[in-house]
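Spelled out, the chains give:
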Amino acid sequence: MKIIVVGTGFVGLPHAAVLAEAGHEVYAYDIDQNKIDAYRSGDRERIEEIVNEPGLVEAIEETKDRYLFFTSDLAPIIEGTDIVFMCLPTPPKRDGSTDLSYYTNAAHRLGELLAKRQDERRVVLVNKSTVPIGTARVLQKILEEHGVKNFGVASNPEFLAQGGAIEGSRRPDRVVVGADTEEDFDRLRRVYSQFVNHVRIRYLETTPETAESIKYVANTLLLTYISFWNGIGARLGEIYPNLRMEDLKIGVTSDSRISTWGSYVSNGAGGSCFGKDIQSLIYQLNRAGRSTDLLQAVYNINEYQKTYLIDRAVYEAGFNFNNKKVALLGLAFKKRTNDMRDSSALKAVEALLARGVSEIRAYDPLAMNEAQRTWFNPEKNHLFSRITYHESPREAIEGSDAVYISTDWEEFRGLATTIEKAAPPPYLIIDGRRMLPDYRQLVAKGYAYLAVGDVYLKPEAPAEKTGANGQERVPAAAEA
Ligand code: UDX
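Residues numbered from 1 in each chain as written. Predicted model: local features only at pLDDT ≥ 70, side-chain atom pairs only at ≥ 80, totals over all residues. Heavy atoms only, no water.

Colleague: In this structure, what is going on with the pairing of strand β4 (residues 83–86)? I would like to understand it.
Modeller: The two faces of a sheet get side chains in turn, since along a regular strand they alternate between them. The alternating pattern of β4 places Ile83 and Phe85 on one face and Val84 and Met86 on the opposite face, and all of these are buried. With 4 bridges connecting them, strand β1 (residues 2–6) and β4 associate as parallel partners. By the bridge assignment for β4, Ile4 is matched with Val84. Note: β4 against strand β5 (residues 123–127), 4 bridges, orientation parallel. By the bridge assignment, Phe85 is partnered in β5 with Val126. Handedness of the β-α-β unit built from β4, helix α5 (residues 101–115) and β5 comes out right-handed. (Buried < 20%, exposed > 50% of the residue type's maximum accessible area, 1.4 Å probe, protein only. Helix = DSSP H or I, 4+ residues; strand = E, 2+ residues; numbered from the N terminus. Pairing = 2+ DSSP bridges. Right-handed = clockwise from strand over helix to strand, strands pointing away.)

Colleague: Looking at this structure, how should I read the packing of helix α6 (residues 135–145) against helix α9 (residues 208–239)?
Modeller: A pair of packed helices is characterised by two quantities: the angle between their axes and the separation of those axes. At a minimum axis separation of 8 Å, α6 and α9 run at an interaxial angle of 130°. By the angle between their axes, α6 is oblique relative to α9. Where α6 abuts α9, its residues Thr135, Ala136 and Arg137 lie against Pro208, Glu209 and Glu212. For the contact of α6 with α9, a count of residues per class yields 2 nonpolar, 1 polar and 3 charged. (Axes fitted to C-alpha atoms, helices over the stretch in contact; angles between N-to-C directions. Parallel < 35°, antiparallel > 145°, perpendicular 65-115°, else oblique. Contact = heavy atoms within 4.5 Å. Nonpolar A, V, L, I, M, F, W, Y, C, P; charged D, E, K, R; others polar.)

Colleague: What is the right way to look at the site of the ligand in this model?
Modeller: With respect to spatial proximity, 19 residues lie near the ligand, and among them Gln162, Gly262, Ser266, Phe333 and Lys334 are the closest. At 2.5 Å from an oxygen atom of the ligand is found a main-chain nitrogen or oxygen belonging to Gln162. Between the ligand and the protein, one listed contact pairs an oxygen atom with a backbone N or O atom of Gly270 at 3.0 Å. About the coverage of the ligand: the protein hides 92% of its 670 Å² of free accessible area. With 3 residues, α9 is the single largest residue contributor to the shell around the ligand. Residue composition of the shell around the ligand, grouped by class: 10 nonpolar, 6 polar and 3 charged. Both domain 1 (2–206) and domain 2 (214–480) contribute no fewer than three residues apiece to the shell around the ligand. (Near = heavy atom within 4 Å. Polar contact = N/O pair within 3.5 Å; in protein donor to acceptor, adjacent residues only side chain to side chain. Areas by Shrake-Rupley, 256 points an atom, 1.4 Å probe, with all protein chains shown as cover. Domains from an automatic or database assignment.)

Colleague: Could you clarify how one ought to interpret the nonpolar core in this entry?
Modeller: One broad rule of soluble globular proteins: the nonpolar side chains tend to lie buried together. Residues Phe321, Leu331, Val349, Ile360, Phe376, Tyr404 and Leu428 are the most contacted members of the largest nonpolar core, which totals 40 residues. With 7 residues, the top contributor of residues to this core is helix α13 (residues 344–354). What Ile360 contacts, discounting residues up to four positions off in sequence, is Val326, Leu328, Val349, Leu352, Leu353, Arg386, Ile387 and Thr388. Membership of the second largest hydrophobic core comes to 38 residues, among which are Ile3, Ala17, Val175 and Phe185. (Core = buried A, V, L, I, M, F, W, Y, C linked by side-chain atoms within 4.5 Å.)

Colleague: Can you help me understand a nonpolar patch on the surface in this one?
Modeller: Judged by side-chain polarity, Phe228, Ile232, Leu236, Ile239 and Tyr240 come together as a nonpolar surface patch covering roughly 490 Å² of accessible area. Among the structural elements, Ile232 can be located in helix α9. Residue classification places Ile232 among the partly exposed positions, given a relative accessible area of 41%. (Patch = residues over 30% accessible without salt bridge, like charges linked within 9 Å, V, L, I, M, F, W, Y side chains within 5 Å. Salt bridge = Lys/Arg side-chain N within 4 Å of Asp/Glu carboxyl O.)

Colleague: Would you take a moment to explain the packing of helix α12 (residues 293–315) against α13 for this structure?
Modeller: Remark: α12 packs on α13, axes separated minimally by 9 Å, with the N-to-C direction vectors making an angle of 45°. As summarised for this structure, α12 and α13 are arranged oblique, according to the angle between their axes. By crossing handedness, the relation of α12 to α13 is classed as right-handed. Across from Glu303, Lys306, Thr307 and Ile310 in α12, the residues of α13 making contact are Ser344, Lys347, Ala348, Ala351 and Leu352. (Left-handed = near helix turned anticlockwise from the far one by under 90°.)

Colleague: Where do I start with the packing of aromatic side chains in this structure?
Modeller: Each aromatic ring pair is described using two quantities: the centre-to-centre distance and the angle formed by the ring planes. A full pass over the atoms with the stated rule returns 11 aromatic pairs. Between Trp261 and Phe274, the ring centres sit 6.3 Å apart and the planes meet at 80°, which makes this aromatic pair edge-to-face. Here Trp261, found in the loop between α10 (245–253) and α11 (274–287), pairs with Phe274, found in helix α11; they are 13 residues apart in sequence, far enough to count as distant. The exposure class of Trp261 is partly exposed, given its relative accessible area of 43%. Arranged with centres 5.2 Å apart and planes meeting at 70°, the rings of Phe376 and Phe384 form a pair that is edge-to-face. The residues Phe376 and Phe384 share a single accessibility class, namely buried. One aromatic cluster is present, formed by Phe85, Tyr192 and Phe195 through successive ring pairs. A cation over a ring is seen here: Lys2 above Tyr27, with NZ or CZ 5.1 Å from the ring centre. (Phe/Tyr/Trp six-rings, centres within 6.5 Å; stacked < 30°, edge-to-face > 60°. Lys NZ or Arg CZ within 6 Å of the ring centre and 35° of its normal.)

Colleague: In this structure, what is going on with the side chain of Arg434? I would like to understand it.
Modeller: Looking at the secondary structure, you find Arg434 in the loop between β13 (428–431) and α17 (439–444). Here Arg434 falls in the buried class, since its relative accessible area comes to 17%. Looking at Arg434, its side chain comes within polar contact range of the side chain of Glu246, at 3.2 Å. One polar contact links the side chain of Arg434 to the main-chain carbonyl oxygen of Gly453, over a distance of 3.4 Å.

Colleague: Looking at this structure, I do not really get the side chain of Ser97. What am I missing?
Modeller: Note on placement: Ser97 falls in the loop between β4 and α5. Within polar-contact distance, the side chain of Ser97 engages the side chain of Asp95 at 2.6 Å. When residues no more than four places from it in sequence are discounted, the contact partners of Ser97 are Pro91, Pro92 and Tyr283.

Colleague: Hey, could you run me through helix α14 (residues 368–375) in this one?
Modeller: In an α-helix, one full turn covers 3.6 residues, which means residues spaced three or four apart are oriented alike. Looking at α14, one finds that the buried residues are Met368, Glu370 and Ala371. Taken down its axis, α14 places every buried residue within 165° of arc, on the same side. Of the surrounding elements, those touching the buried residues of α14 are β10 (359–363) and β11 (387–389). (Arc of directions from axis to C-beta.)

Colleague: Hey, could you run me through the layout of surface pockets in this one?
Modeller: Over the atoms rolls a probe the size of a water molecule, and in doing so it shows where empty space is left. What the second largest pocket holds in volume is close to 170 Å³. Lining the second largest pocket we find Glu45, Glu48, Glu49, Asn52, Asn338, Leu366, Asn369, Glu370 and Arg373. If you list the elements that add at least two residues to the lining of the second largest pocket, you get α3 (44–50) and α14. Tallied by class, residues from the lining of the second largest pocket come to 1 nonpolar, 3 polar and 5 charged. Domain assignment of the residues forming the lining of the second largest pocket places at least three in each of domain 1 (2–206) and domain 2 (214–480). (1 Å grid on protein atoms, 1.4 Å probe; cavity = no way out; pocket = protein on both sides within 12 Å on 5 of 7 lines; lining within 4 Å. Points joined across faces, edges and corners; volume = space filled by probe spheres on them.)

Geometric values such as these leave the question of function open.
This is the structure in structure tokens:
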């Protein structure tokens, strides 16, 4: 198959590389010449600066210039194309609707070129990135407007999680293809021949509208699991000191009908998909006059959770953030990625700055460049100059008054020793991911500990050691 992948971000680049591995002739197209130059160079650092996925650089190396080609010019590659995968950004607008301008711009350009092609063979345009239900028809109309002949449109949503894009593309749980004609289904079967009739992979053929809906329903259901645990499990844990959260999880999820995924409490879910998709689905349902109470609650609980621990630190632990230095551990939206889109840490930074901290001492194993370059540029907001960047958790903690753990990086599990060495009590530990198995030892030594899904633990050390963090010393309401 001759395949064009339009858009080479988190979705398009891994998809192109894995299609090339399967032996197709793949042209990865992007409007951004810098990206194309980086991919062409094969240079690991340059590629990972744009898309950081395990196995991606190796997959590119393996296929580049034999099966996989990079270009920023569509015109010379259009002739003889069997399939075009649309992998373009579809960011949210303020009202929750989806900005389809990148998508429609690319569709118009493709329409112009496809209308002029010499060959008569059928071309199928396939939506891979998440687009509102009905977008396959939008694409169809655009191509018709341009007078394109002999084409089909299809929806083939991706279900990849960050950090697993290559593995997930090589061995997906399911492949969903929504198309209108047998000819187009057959075309997609040839693209995915290794997955058709596979014993462990569900290969589902349906209508484009169903395929588009599957993506939204799946993602909002996953976020519903997370918000269910954050909205109920976490609240119970905060009320009952003797409630063991980990046992609650085991007891509940031992029922084979109940998912273990999503059943841990956290400081909220981030990432490029969940927030955007739920807002878009709310918008799509509202526009059709349908009620969205459940989705709205799921969304609100998740957003609330992102700063809730900072509020609890004030109201329950009596901690006054004004003029304090806070170490912020973890900036990425989850472990093993440098992606900070919709990360809970962004909301934490906003909340900490609003509460008047004098310094946020940030550390993340992967996202430091991303943070400085993209998110916390002081030109955008002068308060961002209060963020300092550190080489290790220890360096970030030294000299701080409190630590906030925002991302579930495995290396944070060993933080108890680091905290003891770097920051003597009085000191407040805010644990958004329940990363410290040894927290009781710290409390016994005079540290204050506030974790998601747990009651606030006051320091157990003698009263004179209890300082800024202890309820005894600081009347919470006065401080707040
Ligand atoms: C998600 C979906 O999993 C994927 O199927 C879809 O295609 C895109 O969106 P991703 O954004 O990569 O993938 O992240 P995921 O691993 O699902 O985690 C999302 C967020 O939820 C992260 O912030 C994570 O830390 C958080 N999370 C996850 C929880 O807070 N609790 C959990 O139990 C699981």
